[in-house]
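Residues per chain, in single letters:
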Amino acid sequence: MNFLCLFSIFISMPDIESNSIYNELLNKVNYYSGNDIKNISLKYLYQKFNLTNSDLILNKKLEWNSKVKRSFYDDLDKINNGVPIQYITNSQFFYDENFYVDNNVLIPRPETEELVSHIIKRERDNKKKNILDIGTGSGCIAITLYKHLNAHVFGIDLSKGAIKIANTNNRLVDNKVRFISESIEEYTPETKFDVIVSSPPYIYSEDKNKVESNVLNYEPHEALFVSKDPLYFYKKILKFSRRYLNQNGNIYFEINDKYESELELLFSELECKFIKDIYGKKRFLFVSIT
Ligand SMILES: C[S@@+](CC[C@H](N)C(=O)[O-])C[C@H]1O[C@@H](n2cnc3c(N)ncnc32)[C@H](O)[C@@H]1O
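Computed from a prediction, not measured in an experiment: that's the story for all the values here.

1. Here's the deal with the site of the ligand
With respect to spatial proximity, 21 residues lie near the ligand, and among them G135, D157, I184, E185 and A223 are the closest. Take G135: an N or O atom from its main chain is 2.8 Å from a nitrogen atom of the ligand. One of the backbone N or O atoms of T136 is found 3.4 Å from a nitrogen atom in the ligand. Against a free-state accessible area of 600 Å², the protein chains account for coverage of 96% of the ligand. For the shell around the ligand, the secondary structure elements donating two or more residues are α8 (140–148) and α11 (221–224).

Have a look at this one:
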């Protein structure tokens, strides 16, 4: 092929904007505005139809039968009612895997990926570990830690629906994580742990009105809100750790930065460190029990 021929292919190459389904979404998605429309539309097409950018650019034909068409328009209705795209496509990428999600579990968040990445860096060289993830939800933390640390990993959650989803995701690691349907208030393990990790519910129910409407309307409230005391789970987990964390063990928490000083006080007798997320907010708390 000569240079001129190559050049003519290049200049006549279509771009994403000429993809018909993408355009249909751009015209019909009305729940979002600005660039969010493009981002949501692309995310939907990637995840729902397993399309890549090149597929879209090259206008890859989908099998547009009546079933696909119906499901597309049903999804469009859901998008326009604010249902999170992850619950529509039943998937969320977390760290290095795609996790199955539905409205039984919190959609894994990027800051939780950051937490996991810190834990992997800090624990990579430690020998033989028992790790417990409290409030495991989709199992994203537990499964990722199993994949990257040579450890026995356990995940507990009060919600039976969440444990079912965590067990669905467990196939990513040949069902090697042990998920247990149990509340932290009742859990009496047969083993002690070297690492305890938790991203517990940490939005005080009085702050419900500050939460975005599609989170409030669709994500499970038992995963988001704490009603009695904003530090309730941190206190419970501290008490649990005094009994079930091995000496020289570490606790890793995701926190609400609003309660930094109260948390500092709660853990004041222990060695603890607040870590900022990529936006500069104190979002993680690491505690060592020596
Ligand atoms: C903020 S979500 C975190 C989910 C998951 N670890 C993640 O990071 O995506 C908190 C989780 O704690 C669970 N939970 C709430 N109360 C609990 C309790 N008393 N004992 C155990 N888990 C609980 C919820 O069901 C929810 O799955």
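2. Topic: the domain arrangement of the protein chain
When cut into domains, the protein chain gives domain 1 (3–89) and domain 2 (95–289). Computed from C-alpha coordinates alone, the two centres of domain 1 and domain 2 are separated by 34 Å. Taken residue by residue, the interface counts eight residues in domain 1 and eleven residues in domain 2. Together domain 1 and domain 2 conceal approximately 730 Å² of surface at their shared face, both sides included; 59% is due to carbon and sulfur atoms. In terms of surface lost to domain 2, no three residues of domain 1 exceed P84, Q86 and Y87, which account for 67% of the buried area on that side. Across the domain 1-domain 2 interface, the total number found is zero salt bridges. Put simply, domain 1 and domain 2 have three residue pairs in polar contact (both at pLDDT 80 or more) between them. The residue makeup of the side of domain 1 that touches domain 2, split by class, is five nonpolar, three polar and no charged.

Here is what the cut-offs are and how they apply
- Residues numbered from 1 in each chain as written.
- Predicted model: local features only at pLDDT ≥ 70, side-chain atom pairs only at ≥ 80, totals over all residues.
- Heavy atoms only, no water.
- Near = heavy atom within 4 Å.
- Polar contact = N/O pair within 3.5 Å; in protein donor to acceptor, adjacent residues only side chain to side chain.
- Areas by Shrake-Rupley, 256 points an atom, 1.4 Å probe, with all protein chains shown as cover.
- Helix = DSSP H or I, 4+ residues; strand = E, 2+ residues; numbered from the N terminus.
- Domains from an automatic or database assignment.
- Contact = heavy atoms within 4.5 Å.
- Buried area = accessible area lost by both parts, 1.4 Å probe.
- Salt bridge = Lys/Arg side-chain N within 4 Å of Asp/Glu carboxyl O.
- Nonpolar A, V, L, I, M, F, W, Y, C, P; charged D, E, K, R; others polar.

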